[in-house]
Structure formats: C-alpha cells, structure tokens
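Residues per chain are reported as follows:
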Amino acid sequence: MAHIRILGTGGTIASRGQGESGSVASDTTESLTASLGNEHTFTSRDILTTGSYRLDLQDLRAIAEQVHGALAEDDVDGVVVTHGTDTMEETAFLLDLLHSSSKPVVFTGAQRAADSHAPDGPGNIADAVAAAATEQLRDTGVLISFSGTVLTARGARKAQTTADSPFAGGVQVAHLLGDEVVVTARPQRRPPLPFPGHVFGGIGVEIITAYPGATPALLRHAAADGAKAVVLAGTGIGNAGPGFADAVADLSADGVPVILSSRAPWGPVVPTYGNGGGKDLIRAGAVGSRDLNPFQSRILAALLLALDPATETFAERFTAYS
Ligand SMILES: NC(=O)C[C@H](N)C(=O)O
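The rules behind these values
Residues numbered from 1 in each chain as written. Predicted model: local features only at pLDDT ≥ 70, side-chain atom pairs only at ≥ 80, totals over all residues. Heavy atoms only, no water. UniProt positions renumbered as here; feature names shortened; annotations may be inferred. Near = heavy atom within 4 Å. Polar contact = N/O pair within 3.5 Å; in protein donor to acceptor, adjacent residues only side chain to side chain. Areas by Shrake-Rupley, 256 points an atom, 1.4 Å probe, with all protein chains shown as cover. Nonpolar A, V, L, I, M, F, W, Y, C, P; charged D, E, K, R; others polar. Salt bridge = Lys/Arg side-chain N within 4 Å of Asp/Glu carboxyl O. Helix = DSSP H or I, 4+ residues; strand = E, 2+ residues; numbered from the N terminus. Buried < 20%, exposed > 50% of the residue type's maximum accessible area, 1.4 Å probe, protein only.

- With an unreviewed UniProt entry as reference, the chain is termed asparaginase, source organism Arthrobacter citreus.
- Taken directly from UniProt, the Catalytic activity (unreviewed entry) text for the chain runs: "L-asparagine + H2O = L-aspartate + NH4(+)".

In structure tokens form, the structure reads like this:
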C-alpha cells in the first residue's frame, strides 16, 4: 500500500456551472478524491483552484514548490497533481526539468466537468494514483496520466480540444489494464536543473508564429517590449519568411536569444533550407529547439535564464536540455 499526496490546482476536473457565466473551477481536491478506493492511502491539499489558462510563471513555480515539499516528506511515496489540461504540458514539463526525486509525480485532469452527465475526473484520478503508487515508475520523472495512458511530460502536448484522451506525444511509459498499471518503457532522463528563485516568475519569453506574409515586426517588438528571449514557431522543419534572419541577427547581437521551434505539432527542427529558411536563421544566431515544441521551449528558456541570465552560454545550456 502506498501513500500518495494529491495536490489540486483547478481545471475542468474541479469545475462546475453550465449557465451564462460558464464552467469555473470550484471543487476542492478533497471532494475530487471521495470516490477513490482504499488500495492506497492519500492526503489531499489545494494549491490553487483555477483554470489553467489563467496560470502564469509565478503560479508554475508555486506548484513546483508545493510538489517538491510533498516529495521531501518521508511518508509520501508519490504525488498526483490535478490540473487544467490547457496548459498542463507547461507545468508538468517545468516540474520534470526540476525533478530530483525518484518518486513518481503524475499529472491528471478531466475533459468533462465535475457536474457533467459523465465526468471523467474520478477515473483519471484513480489511474493517476495507481501510476504514482507503481514502483516501476520510480525514476521516470514527471508524467501525464489521462484516459488510461501514461506519457512523459517531456514532449507531451494537448492535441485535441474535446477528446477523452487530449494528450499525445512524449514517451508512453505505461497504460492501465483495468486497475493494473502496465509499464512498457523507461524514458532517458537528463540531470535535474536547480530550483529557480522568484525571478523565474518575471522572466518574459514570448512566442511568435511564422505564417504566409508574416513580417519580423512582432519579433522585434517582443524584444523592444522587454522579452528576455523569443521562441519563433517557424513553419515546417523550422523556416520563416523574408526579414526574419536579419531580425534574429539583431536580437542575438542585443543579447536576446531566439529559439527556433516549429508550428508543426510533431517532429524535430532540422535547419535545412536557405533563402531565409532554417539554415539562415541558425546562421543568424537562432538556437534550434530540436524536439521541443514552442510551449515547452519557452518553459526551458525561462528556467535557464532565471538560473543564469548570461546569454553567451544560453545556446549550449538550451541544447543540452532540448
Ligand atoms: N480540460 C480542462 O481542464 C480545460 C480547462 N480550460 C483548463 O485548462 O483549466
């Protein structure tokens, strides 16, 4: 029997209300766990009670702090975090970058509200507790458990707005067969990064998307507006149109790193094309995100700059964790 800490942050799993004001997070974690069986013991705490679309980097650091505190308690064998699905991929990835414990941390949520005719939260929480209690999932970092599938936080993204299984990507490390957690893979882990100071909450990293006719004006504006780095979600394998390579060179020269990611949902960034494409962007100073999508690239960039604002070493540090 394992003892699991369940930490709530809100999201659809804790939401109710169908009227004009819309569904909002209101339920306590205690109420969400009422249907859990007695195979494991658990204690629940509320960190936040909000939609994940409202979170900022200070909130993400606060969630990380609470999780680290729970992991440090000797009688806690694993942690479950209930969270909105909209931005779960960012919070879970931040915690994965910082994860220095062997104990599993498993994020979950719901696609149907607590007061819907068929809430999926109770089943997802039960699965997440089972995963967090699974010895074979120790040392696999931070995971996302949803609708019977368990993925690594790294590489996962919300790929479906309404489906029961909204997440895809990452490495599938386990699945549920009834109540049984069947572990099928172990991810390669990087060494944990140090826990950032409060400065992390104020690190501005913007995301700019390339598209037909896009100009680099927004890229330049983001830097002028105080961004410490900019993620360029390029087209395809990592390209952008006329003028972007010059703008990347200017930002890089001014000490504002530009990370070249892709607006494509899956696949790595591989600098391939000239005539303003990825080859020219990297030559101008952009840092390739390799396998990281724009949203997780932003989290990594903000964390690295919070830990060390020196942009001379940024490319090497980013590449080591991308
Ligand atoms: N399914 C969900 O949890 C979506 C919700 N809007 C949130 O991210 O908080």
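1. Observations regarding the site of the ligand
Logical step 1: The environment of the ligand is made up of Gly-11, Thr-12, Gly-51, Ser-52, Tyr-53, Gly-84, Thr-85, Asp-86, Ala-110 and Gln-111.
Logical step 2: Within the backbone of Thr-12, a nitrogen or oxygen atom sits 3.1 Å from an oxygen atom of the ligand.
Logical step 3: Within the complex, 89% of the 270 Å² of free accessible area of the ligand lies under protein.
Logical step 4: Here the shell around the ligand is built from residues that sort into 2 nonpolar, 7 polar and 1 charged.

2. Here's the deal with the pattern of salt bridges
Logical step 1: Applying the stated criterion to the full structure yields 9 salt bridges.
Logical step 2: For Asp-86, the salt bridge is made with Lys-158, and the minimal N-O distance between the two is 2.9 Å. Here the residue Asp-86 occupies a position in the loop between β5 (78-82) and α3 (88-98), and Lys-158 occupies one in strand β9 (residues 156-158), the gap between them amounting to 72 residues.
Logical step 3: Judged by relative accessible area, Lys-158 falls into the partly exposed class, the value being 22%.
Logical step 4: As a salt-bridge pair, Arg-138 and Glu-135 come within 3.8 Å of each other at their nearest N and O atoms.
Logical step 5: Overall, Arg-138 belongs to the partly exposed group, its relative accessible area being 29%.
Logical step 6: Note on Glu-135: relative accessible area 61%, which makes it exposed.

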